[in-house]
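# Summary of structural features
The chain contents come next:
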Amino acid sequence: MRGWWREIAGLVLPVACGGCGRPRTVLCPECAGELTGAGPRRVRPGPEPSGLPVVHAVAPYADAVRELLLAHKERGALALAGPLGGALAEAVKASAGPATGPAPPPLLLVPVPSSRRSVRARGHDPTRRIALAAAARLRRGGRAARVVPVLRQRRYVADQAGLGARGRLANLSGALEIVPGGARLIESGRVVLVDDLMTTGASLAEAARALADVHLPFIPGLPQGLTEGTAEGSARHGIEQRKAAVIASSPASFEINRNSPRTWIVAGGER
């Protein structure tokens, strides 16, 4: 009922920009520019948790971008799902890389799951809503994509707010699992983990761990044997290195990526 009321209210009540509060617009041009103007870039938190996949983000989590994400997630500004999904789609494309071959595999967007209690409290699942908007944007651009919500929480997870990097890692360790039958759903495409925000990287690292034990078959068009030192599970099975995409990341994570290049180990060499 709460989610339904928010949908209706968004159509009939006065609106304001979720980023700066300018009246009579959901997203003003200036805030839209902050959301997508810089373009997607590789980001790394510091310290970087073991098992973190390769992550791309479109904007630092600050100022208008921070307000936009909070307005959508906490204040029910559901009309922002479209532009936020468009931003996420750009990060997904950067993370997944170009489509190759005559019939490239579809992009499978796997959202980091929210707890049931947070979904009930908010009246909607913000990450899944944005992921659906991102998949729709990718399809309109000619890229096959769909959302596959195959992860779920297997135990109680405390509120992450106020926890540091170590606390978040401990809080989430072993907390996620693949739903029954979920492994079959991700066998036929290029998996990209998606979330609205990365701070310490603990959520994405745990999501990648939950997927790492899935033994995927050989898929034409997907690089095999690509491993990285932090991807123990993927390296163990010799499958594609997990990729992830978020809308925003901490400003420092953009600087860390610029100043600390990493060596990739590829079958037969380095790059």
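All right, on to the overall build of the protein chain then. Within the protein chain one finds 11 helices and 10 strands. Here the protein chain, with 271 residues, has 49% of them falling under the buried criterion. A separation of at least 24 residues holds for 74% of the contacts in the protein chain among residues at least 6 apart in sequence. Of the roughly 12,800 Å² of accessible surface on the protein chain, 56% is carried by carbon and sulfur atoms.

This part is about the nonpolar core. Nonpolar side chains in soluble globular proteins tend to be buried together. Counting residues in hydrophobic clusters, the biggest one holds 35 residues, and the most contacted among them are Leu84, Leu88, Val92, Leu109, Val194 and Ile247. The greatest single-element share of this core, amounting to seven residues, is contributed by helix 4 (residues 81–96). Among residues more than four places away in sequence, those in contact with Ile247 are Leu35, Ala57, Val58, Ala59, Leu69, Leu84, Ala87, Leu88, Ile130, Asp195 and Asp196.

Bringing the environment of Ala207 into the picture now. Checked against the element boundaries, Ala207 lands in helix 9 (residues 202–212). Classification of Ala207 as buried rests on a relative accessible area of 0%. Between the C-alpha atom of Ala207 and that of Val194, which follows or precedes it by 13 residues, the distance is 9.7 Å. Leaving out residues up to four positions away in the same chain, Ala207 has contacts with Val112, Leu151, Leu176 and Leu193.

This brings us to the confidence of the model for the protein chain. For residues with low pLDDT, the predicted coordinates do not support detailed interpretation. Averaged over every residue, the pLDDT of the protein chain is 79; the share at 70 or more is 71%. Counting interchain partners and residues more than four positions distant, the pLDDT-below-50 stretch residues 215–239 has 58 contacts. Taken as a whole, residues 259–271 scores under 50 in pLDDT and shows 26 contacts with residues more than four places along the chain or in a different chain.

A few words now on the pattern of salt bridges. Side chains bearing opposite charge may pair, as long as their charged atoms lie close to each other. Inspection of the entire model under this criterion finds nine salt bridges. Note that Glu67 and Arg66 form a salt bridge whose closest N and O atoms lie 3.3 Å from each other. Here Glu67 falls in the partly exposed class, since its relative accessible area comes to 27%. Of the residues examined, Arg66 reaches a relative accessible area of 36% and is grouped as partly exposed. In this structure, the salt-bridge partner of Arg75 is Glu67, at a minimum N-O distance of 3.5 Å. One network of salt bridges, with partners in common, ties together Arg66, Glu67 and Arg75.

This part covers the side chain of Thr127. Structurally, Thr127 can be placed in helix 6 (residues 126–140). Ignoring any residue separated from it by four or fewer positions in sequence, one finds Thr127 in contact with Pro111, Val112, Ser114, Val194, Asp195 and Asp196.

What follows covers helix 9. Counting buried positions over the 11 residues of helix 9 gives nine, a clear majority of the element. All of the buried residues in helix 9 are Ala202, Leu204, Ala205, Glu206, Ala207, Ala208, Ala210, Leu211 and Ala212.

Next up on the list: the pairing of strand 7 (residues 190–198). Where burial is concerned, most of strand 7 is hidden: nine out of the nine residues are buried. Here strand 3 (residues 107–111) pairs with strand 7 via five bridges, running parallel. Looking at the pairing, Val110 lines up with Leu193 of strand 7. Bridge count for strand 7 against strand 8 (residues 243–249) is six bridges, and the pairing is parallel.

What counts as what
Residues numbered from 1 in each chain as written. Predicted model: local features only at pLDDT ≥ 70, side-chain atom pairs only at ≥ 80, totals over all residues. Heavy atoms only, no water. Helix = DSSP H or I, 4+ residues; strand = E, 2+ residues; numbered from the N terminus. Buried < 20%, exposed > 50% of the residue type's maximum accessible area, 1.4 Å probe, protein only. Contact = heavy atoms within 4.5 Å. Areas by Shrake-Rupley, 256 points an atom, 1.4 Å probe, with all protein chains shown as cover. Core = buried A, V, L, I, M, F, W, Y, C linked by side-chain atoms within 4.5 Å. pLDDT = per-residue confidence, 0-100. Salt bridge = Lys/Arg side-chain N within 4 Å of Asp/Glu carboxyl O. Pairing = 2+ DSSP bridges.

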